[in-house]
Amino acid sequence: MMQVATNWKVLIQQEAEKKYFADLMDFVSQEYAQNVCLPPQNLIFECFNHFDIEQTKIVILGQDPYHGQGQANGLAFSLNAGCVLQPSLRNIFKELMTDVGIDAPFSGNLEFWAKQGVLLLNDVLTVRSGQAGSHQKQGWETFTNAVISHLSVTQKNLVFMLWGTAAQKKGRLIDGDNHLILKSGHPSPMSANRGHWFGNKHFSQANAHLEKLGKEPINWGDAAW
């Protein structure tokens, strides 16, 4: 189940020694055995597979994976190629268009963000098909809290994008003196249509922060689009 090739594996193995994680893995194994769950088991920890901890530039927090068949690929807000764009992702792309001038994409697969050091981390890494939030409060939140706390303590000058109330609650784990914390409403239609998402300019702010540090900014667009 835990297929991680980067040095994130060390942190995950440390958490695996704790009782909550063993209980969580028992729950996940049983769920996947008895129900259709997402993402595929080999992609549960996919967000940690694209770079080492020290290469992290930006953390974007989601809630749980898309629960439609064939959608989730282990990266928060990301869809497998060929899937119809979900409303939240569509609003993310709209903000990208107005903020940094990127044309509308043809694909919702955000793997190319991950390859540049963007940790697309869901609060809960698995879900039962068709049942949003079905794997909440089983231990994933404890695990992702540990990931965020580790990044806050061991790294410097990361950008944390906290979209919506659930993500912003994680802000208590982040040292705001050592990292840039960007907060806004969630990109879901309910929040976005109330004016809490559009115009947050998080993408340009993040790149300005990286450039100020002498780091390569994120290419938010992709040639395949």
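Up top is the structure.
Residues numbered from 1 in each chain as written. Predicted model: local features only at pLDDT ≥ 70, side-chain atom pairs only at ≥ 80, totals over all residues. Heavy atoms only, no water.

Draft legend 1. The pattern of salt bridges, seen in detail. In this structure the tally under the stated criterion is 5 salt bridges. The partner of Lys-170 in a salt bridge is Asp-123, and the shortest N-O contact between them spans 2.6 Å. Separated by 47 residues along the polypeptide, Lys-170 in the loop between α6 (165-169) and β6 (180-184) and Asp-123 in the loop between β3 (118-122) and β4 (127-128) bring together distant segments of the chain. Take Lys-170 and Asp-123: they sit in the same class, and that class is buried. (Salt bridge = Lys/Arg side-chain N within 4 Å of Asp/Glu carboxyl O. Helix = DSSP H or I, 4+ residues; strand = E, 2+ residues; numbered from the N terminus. Buried < 20%, exposed > 50% of the residue type's maximum accessible area, 1.4 Å probe, protein only.)

Draft legend 2. A look at the nonpolar core. Phe-45, Phe-48, Trp-113 and Trp-220 are the most contacted members of the largest nonpolar core, which totals 65 residues. Of the residues forming this core, the biggest block, 7 residues, is contributed by helix α2 (residues 19-34). (Core = buried A, V, L, I, M, F, W, Y, C linked by side-chain atoms within 4.5 Å.)

Draft legend 3. Quick look at helix α5 (residues 140-154). The end-to-end C-alpha distance of α5 is 21 Å, a good match for the 21 Å that 15 residues give at a rise of 1.5 Å each. Buried residues in α5 make contact with α1 (8-16), α2, β2 (58-62), β3 and β5 (159-163). (Expected span 1.5 Å × (residues − 1). Contact = heavy atoms within 4.5 Å.)

Draft legend 4. Quick peek at the side chain of Glu-31. Examined against the element boundaries, Glu-31 turns out to sit in helix α2. Taking the relative accessible area as the measure of exposure, Glu-31 reaches 7% and is therefore buried.

Draft legend 5. Spotlight on the packing of aromatic side chains. Here the structure, examined in full by the defined rule, presents 15 aromatic pairs. Judged by centre distance (5.4 Å) and plane angle (55 degrees), the ring pair of Phe-77 and Trp-163 falls under tilted. On the criterion of sequence distance, the pair formed by Phe-77 in the loop between β2 and α3 (87-100) and Trp-163 in strand β5 is long-range, its members being 86 residues apart. In this structure, Phe-77 and Trp-163 share a single accessibility class: buried. Here the aromatic rings of Phe-203 and Trp-220 are separated by 4.9 Å at their centres, their planes lie at 75 degrees, and the arrangement is edge-to-face. Here Phe-203 is found in helix α8 (residues 202-212), whereas its partner Trp-220 is found in the segment after α8, with 17 residues between them in sequence. (Phe/Tyr/Trp six-rings, centres within 6.5 Å; stacked < 30°, edge-to-face > 60°.)

Draft legend 6. Here's a closer look at the environment of Val-159. Structurally, Val-159 is set in strand β5. Residue classification places Val-159 among the buried positions, given a relative accessible area of 0%. Once the C-alpha coordinates of Val-159 and Leu-210 are considered, the two residues, 51 residues apart in sequence, prove to be 8.5 Å apart. Residue contacts for Val-159: discarding those within four places in its chain leaves Lys-57, Ile-58, Val-59, Leu-180, Leu-182, Ala-206 and His-209.

Draft legend 7. Quick look at the packing of α3 against α8. One way to put it is that α3 packs onto α8 with a least axis distance of 8 Å and a crossing angle of 60 degrees. It follows that α3 is oblique to α8 by the angle criterion. Residue-level contacts link Ile-92, Glu-95, Leu-96, Asp-99 and Val-100 of α3 to His-202, Phe-203 and Ser-204 of α8. Class assignment for the residues of the contact of α3 with α8 results in 4 nonpolar, 2 polar and 2 charged. (Axes fitted to C-alpha atoms, helices over the stretch in contact; angles between N-to-C directions. Parallel < 35°, antiparallel > 145°, perpendicular 65-115°, else oblique. Nonpolar A, V, L, I, M, F, W, Y, C, P; charged D, E, K, R; others polar.)

Draft legend 8. How the structure looks around unusual backbone geometry. A cis amide bond links Leu-38 with the next residue in sequence, Pro-39, at an omega value of -10 degrees. Along the chain, Pro-39 turns up in the loop between β1 (37-38) and β2. Here Lys-201, not a glycine, exhibits a phi torsion of approximately 55 degrees, which is positive. Examined against the element boundaries, Lys-201 turns out to sit in the loop between α7 (189-192) and α8.

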